[in-house]
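Notes for the structure review
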Amino acid sequence: MDAPEMTLQLTVDCADPQRLVAFWAEALRYEPEPPPEGHASWIAYWRAIGVPEDELGEGTGELPESIVDPKGTGPRVWFQRVPEPKTVKNRLHLDLKVGGGRTVPLAVRRERVDAEVARLTALGASVLYAMDEPDGMDHYAVVLQDPEGNEFCVV
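We now turn to the structure provided with this report. (Residues numbered from 1 in each chain as written. Predicted model: local features only at pLDDT ≥ 70, side-chain atom pairs only at ≥ 80, totals over all residues. Heavy atoms only, no water.)

Details of the pattern of salt bridges
Counted under the stated rule, the structure contains 7 salt bridges. Its salt-bridge partner being Glu151, residue Lys86 comes within 3.4 Å of it at the nearest N-O pair. One end of the pair, Lys86, is in the loop between β4 (76-81) and β5 (94-96); the other, Glu151, is in strand β8 (residues 151-154), and 65 residues separate them in sequence. Exposure remark for Lys86: the relative accessible area of 36% places this residue in the partly exposed category. With a closest N to O distance of 3.0 Å, Asp132 and Arg110 form a salt bridge. Here the residue Asp132 occupies a position in strand β6 (residues 126-132), and Arg110 occupies one in helix α3 (residues 106-123), the gap between them amounting to 22 residues. Exposure remark for Arg110: the relative accessible area of 26% places this residue in the partly exposed category. (Salt bridge = Lys/Arg side-chain N within 4 Å of Asp/Glu carboxyl O. Helix = DSSP H or I, 4+ residues; strand = E, 2+ residues; numbered from the N terminus. Buried < 20%, exposed > 50% of the residue type's maximum accessible area, 1.4 Å probe, protein only.)

In C-alpha cells:
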C-alpha cells in the first residue's frame, strides 16, 4: 500500500493569532497566507466548505491566521487561538540558522547572529540569554521569545 501524500504544518497555540502572524511573517521572511481563490476571507472559505459556526470563534478568519514561505519551500505555520496561556517551557522550538555553520569563523557567526537578534528584538522578540560556550567551545546562539513567550533560538 502506498503512503498517502503528506505535508508539514507547524501549529502554534496562542492568544492573539494576528499578533504572531505579524511577528513571525517578518521573522521568517514569510507572508500572511491569503484565503483560497474565490474567497474574500478565510472565514468566507470555511463557511463555504461547511465548517459549523460554533467552531468559528469571534474574529476567526477575518484576517490571516497562517503564514507561508513565498518561495514555497518552508512549512506553513498556523497560529491557532486557544483560551489557555502558555505556562511552561516549549518542548519544541525553532532554530533560525543565520550564522552559516561551524565552517564560518566564530567571530563572523557571532556578528550574523547578533544582527539577526537585533532585527528580531525590534520586531517584538525578547532576549532570554546567550549560549556562549566557554573554554574554547566553538558555539554561539541566542535564545529569544516571541511576543507571547514562545522560545526560539538564533544560531
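Some words on the environment of Glu53
Along the polypeptide, Glu53 turns up in the loop between α2 (42-48) and β3 (66-68). Taking the C-alpha atoms as reference, Glu53 lies 9.8 Å from Ile43; in sequence the two are 10 residues apart.

Here we look at the nonpolar core
Counting residues in hydrophobic clusters, the biggest one holds 21 residues, and the most contacted among them are Trp24, Ile67, Phe79, Leu120, Leu144, Phe152 and Val154. Elements that contribute at least two residues to this core include exactly α1 (17-28), β4, α3, β7 (140-145) and β8. Top element by residues in this core is α1. It accounts for 6 residues. Leaving out residues up to four positions away in the same chain, Val154 has contacts with Leu96, Val98, Val113, Glu116, Val117, Leu120, Ala141, Val142 and Leu144. (Core = buried A, V, L, I, M, F, W, Y, C linked by side-chain atoms within 4.5 Å. Contact = heavy atoms within 4.5 Å.)

Let's talk about unusual backbone geometry
For Arg29, which is not glycine, the phi dihedral falls at a positive 60°. Take Arg29: it is sitting in the loop between α1 and β2 (31-32).

Details of α1
The terminal C-alpha atoms of α1 lie 16 Å apart, and with 12 residues this matches the ideal 16 Å at 1.5 Å per residue to within 8%. Every buried residue of α1 is accounted for by Pro17, Leu20, Val21, Phe23, Trp24, Ala25 and Ala27. Just beyond α1, the residue with positive phi is Arg29, at close to 60°. (Expected span 1.5 Å × (residues − 1).)

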